[in-house]
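# Observations on the model geometry
Letter by letter, the chains look like this.
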Amino acid sequence: MSEHLSEAPEHFPDETASFALAGPAGKLECEARAASPDVARDAIAVICHPLSTDGGSMRNKVVTMIERSLREAGVDTIIFNFRSVGGSEGEFDSGNGESDDLAAVVAWARRTRPGAALWLAGFSFGSYVTLRNAVSLHADALISVAPPAAGRGWDFGPLDLPTCPWLVVMGDADEIVEPKAVYDWIESLPEERRPQLVRMEDTSHFFHRRLMDLRGAIKNAVKGWLPGPRAA
């Protein structure tokens, strides 16, 4: 565990803050950032990173671009490392323990921003974890970037589907998650539960050279989801 990390603050910080949150398997390394007061909305987003055993972490470039996009839109943000990653304690648990980690971070978010809309966002494995828990955590919005709906060992079939606004962003040239499998999965969902889909041409799994396009796609899609201004 990184010794420099302070304990989790009792109130959401006004400036970027890195801290250790007590999680179900030990401490979780987190970073919180507040949206600029001139654009801040009454919402908070928790963002989950790709597969821990493949080097995924909260410093992944796609994760940090999702975070930037939402914060620029006016949403306070939290990124964190799942158990076993970076300064987070515990061992990888194939999405089960990671779901518990997410719940712990969400509980802190709700304590520090009571009444704020809860948004969940994830990239790759992180999108599996957030979708898996969106209903039980009563998410008000969901963003899934390159969800591994087939071919990576994650079973999307039995997941409870959210009724909140839901965006899926998928690169047509994804070399890790089969794009057609994702599109077929979306088509198989009940029409009223299907997410808004943004397909990005000539785009790989990690959005190489297309990160700014990802930023634009997210900011454009969530415009209509934003709640009113955050109280001062």
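Data block above holds the structure.
Below is a summary of the structure that appears in this document. Along every chain, residues carry numbers that run from 1 in the direction the sequence is written. Only residues with pLDDT of at least 70 are given local features in this predicted model, and only at 80 or more are side-chain atom pairs given and counted; all residues enter the totals for whole chains, interfaces and linings. Remark: hydrogens and water are excluded; side-chain values derive from all non-hydrogen atoms of the structure.

## Structural notes on the packing of helix α2 (residues 96-112) against helix α3 (residues 125-133)
Angles shown run from 0 to 180 degrees and are taken between the N-to-C directions of axes, each axis being a line fitted to C-alpha atoms and, for helices, limited to the stretch in contact. Only DSSP runs of H or I covering at least 4 residues are called helices, and only runs of E covering at least 2 are called strands; the numbering of each starts at the N terminus. Here α2 crosses α3 at 70°, and the two axes come no closer than 10 Å. Viewed along their axes, α2 and α3 adopt a mutual orientation that is roughly perpendicular. Handedness of the α2/α3 crossing: right-handed. Residue-level contacts link N96, E98, S99 and L102 of α2 to F125, V129, T130, R132 and N133 of α3. Counted by class, the contact of α2 with α3 contains three nonpolar, four polar and two charged residues. Note on angle classes: values under 35 degrees are labelled roughly parallel, values over 145 roughly antiparallel, values of 65 to 115 roughly perpendicular, and the remainder oblique. Each helix crossing is assigned a hand: it is left-handed if the near helix lies turned anticlockwise from the far helix by less than a right angle, otherwise right-handed if that turn is clockwise. Should any heavy atoms of two residues lie within 4.5 Å, those residues are counted as being in contact. Residue polarity follows a fixed list, in which Ala, Val, Leu, Ile, Met, Phe, Trp, Tyr, Cys and Pro are nonpolar, Asp, Glu, Lys and Arg are charged, and the others, Gly among them, are polar.

## Concerning α2
By this rule, a helix spans an expected 1.5 Å times one less than how many residues it contains. Between the first and last C-alpha of α2 there are 25 Å, a value that for 17 residues agrees with the 24 Å anticipated at 1.5 Å per step. When a residue's accessible area, from a 1.4 Å probe over protein chains only, is under 20% of the maximum for its type it is buried; when over 50% it is exposed; and in between it is partly exposed. Those residues of α2 that sit buried are G97, E98, S99, D101, L102, A104, V105, V106, W108, A109 and T112. Elements in contact with the buried residues of α2: β2 (17-23), β3 (26-33), β4 (43-48), β5 (76-80), β6 (117-123) and α3.

## Things to note about the packing of helix α1 (residues 61-73) against helix α5 (residues 211-222)
Put simply, α1 and α5 touch, their axes get as near as 9 Å, and they point 40° apart. The angle between α1 and α5 falls in the class oblique. As α1 packs across α5, the resulting crossing turns out to be right-handed. Where α1 abuts α5, its residues K61, V62, M65, I66, R68, S69, L70, E72 and A73 lie against L211, M212, L214, R215, I218, K219 and V222. A class-by-class count of the residues in the contact of α1 with α5 yields ten nonpolar, one polar and five charged.

## Some thoughts on the packing of aromatic side chains
Classification of ring pairs uses Phe, Tyr and Trp, with its six-membered ring standing for Trp, and accepts pairs whose centres are within 6.5 Å; under 30 degrees between planes counts as stacked, over 60 as edge-to-face, and the remaining range as tilted. Per the stated rule, a full pass over the model turns up eleven aromatic pairs. Seen in terms of ring centroids, F80 and F82 are 5.2 Å apart; in terms of plane orientation they differ by 85°. Their pairing is edge-to-face. Residue classification places F82 among the buried positions, given a relative accessible area of 0%. Between F156 and W185, the aromatic rings sit 5.1 Å apart at their centres with planes inclined by 85°, giving edge-to-face as the arrangement. Here F156, found in the loop between β7 (141-145) and β8 (166-171), pairs with W185, found in helix α4 (residues 179-188); they are 29 residues apart in sequence, far enough to count as distant.

## Focus on the side chain of S144
Looking at the secondary structure, you find S144 in strand β7. A polar atom in the side chain of S144 sits 3.0 Å from the side chain of W166. Beyond its immediate stretch of four places on either side in the chain, S144 contacts G122, S127, W166, L167, V168 and V169. Here a polar contact is taken to be a pair of N or O atoms separated by no more than 3.5 Å, where protein atoms must pair a possible hydrogen donor with a possible acceptor and residues adjacent in sequence count only if both atoms sit in side chains.

## Some details on the nonpolar core
By nonpolar core is meant a set of buried Ala, Val, Leu, Ile, Met, Phe, Trp, Tyr and Cys residues that side-chain atoms within 4.5 Å join together. Among the nonpolar cores identified, the biggest contains 78 residues, and V46, L70, W119, L120 and V145 are the most heavily contacted of them. Apart from residues no more than four positions distant in its own chain, W119 is found in contact with A43, I44, A45, V46, L70, V75, D140, A141, V222, W225, L226 and P227.

## Structural notes on the pairing of strand β9 (residues 196-200)
Only strands that DSSP links by at least two bridges are regarded as paired with each other. Sheet topology note: the β8/β9 ladder contains five bridges and is parallel. Each bridged residue has a counterpart across the sheet, and for V168 the counterpart in β9 is L197. By definition, the crossover connecting two strands over a helix is right-handed if that path, from the first strand to the second, turns clockwise as seen with the strands pointing away from the viewer. Handedness of the β8-α4-β9 crossover: right-handed.

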